[in-house]
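Listed here are the chains, written in short residue letters.
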Amino acid sequence: LARKEVLPLPEVREHTYTAEEVGKLLGGVSANMVGRLANQNGLKSPEYGTEVWDKSKYSSKQVPTWRYNEKAVARLRELLQ
């Protein structure tokens, strides 16, 4: 058999959350509101999470999506108070 080279997966250093998961953690806020707050307050930066490729809910395409870290969740919680 021919040996195939594969790309290594990136190392996972911290748990990240989707906007939907963050919304649930914040008491039922919509994913849309989470994204809007994050955009308005500059939270889509390496300090607050990472962009990853994910499968679209609505098609078979891969799309970039933002994943939030614990620091982002805490900051969003502050912004909502």
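Residues numbered from 1 in each chain as written. Predicted model: local features only at pLDDT ≥ 70, side-chain atom pairs only at ≥ 80, totals over all residues. Heavy atoms only, no water.

Asks: Tell me about helix H3 (residues 70–80), and please be specific about residues and values.
Replies: The periodicity of an α-helix, 3.6 residues per turn, causes residues three or four places apart in sequence to face the same way. Among the residues making up H3, those that are buried are Ala72, Val73 and Leu76. Taken end-on, H3 shows its buried residues confined to a sector of 100 degrees, consistent with a single buried face. Contacts made by the buried residues of H3 are with helix H1 (19–25), helix H2 (31–40) and strand S2 (62–68). Between a side-chain oxygen at the N-terminus of H3 and the backbone nitrogen of lysine 71 the separation is 3.1 Å; the capping residue is asparagine 69. (Buried < 20%, exposed > 50% of the residue type's maximum accessible area, 1.4 Å probe, protein only. Helix = DSSP H or I, 4+ residues; strand = E, 2+ residues; numbered from the N terminus. Arc of directions from axis to C-beta. Contact = heavy atoms within 4.5 Å. Polar contact = N/O pair within 3.5 Å; in protein donor to acceptor, adjacent residues only side chain to side chain.)

Asks: Go over the packing of aromatic side chains, please, and point to the residues and values.
Replies: Across all of its chains, the model carries 0 aromatic pairs by this definition. The cationic tip of lysine 71 hangs over the ring face of tyrosine 48; the distance from NZ or CZ to the ring centre is 5.6 Å. (Phe/Tyr/Trp six-rings, centres within 6.5 Å; stacked < 30°, edge-to-face > 60°. Lys NZ or Arg CZ within 6 Å of the ring centre and 35° of its normal.)

Asks: Explain the pairing of strand S1 (residues 49–55) residue by residue, including any values.
Replies: Alignment of S1 against S2, held across 7 bridges, turns out to be antiparallel. Bridging across to S2, aspartate 54 finds its partner in valine 63. Counting the residues between successive antiparallel strands, the hairpin from S1 to S2 contains 6 residues. (Pairing = 2+ DSSP bridges.)

Asks: Can you explain the environment of serine 56? Please cite residues and give values.
Replies: Structurally, the position occupied by serine 56 is in the loop between S1 and S2. Owing to a relative accessible area of 14%, serine 56 belongs among the buried residues under this scheme. Along the backbone, serine 56 and leucine 79 are 23 residues apart, and their C-alpha atoms lie at a distance of 28 Å. Residues within four places of serine 56 in sequence aside, it is in contact with Lys61 and Val63. A distance of 3.1 Å separates a polar atom in the side chain of serine 56 from the backbone nitrogen of tyrosine 58. Polar contacts involving the side chain of serine 56 include one to the main-chain amide nitrogen of serine 59, which spans 3.4 Å.

Asks: Hey, could you go over the side chain of threonine 16 for me, with residue numbers and the actual values?
Replies: Its location among the elements puts threonine 16 in the segment before H1. Note on threonine 16: relative accessible area 15%, which makes it buried.

Asks: Break down the pattern of salt bridges for me, citing the residues and quoting the values.
Replies: Overall, the coordinates contain 4 salt bridges when judged by the stated rule. The salt bridge partner of lysine 57 is glutamate 20, with a shortest N-O separation of 3.1 Å. Within this pair, whereas lysine 57 is found in the loop between S1 and S2, its partner glutamate 20 is found in helix H1, the two being separated by 37 residues in sequence. Ionic pairing is found between lysine 71 and glutamate 47, a salt bridge with its closest N-O pair at 2.4 Å. (Salt bridge = Lys/Arg side-chain N within 4 Å of Asp/Glu carboxyl O.)

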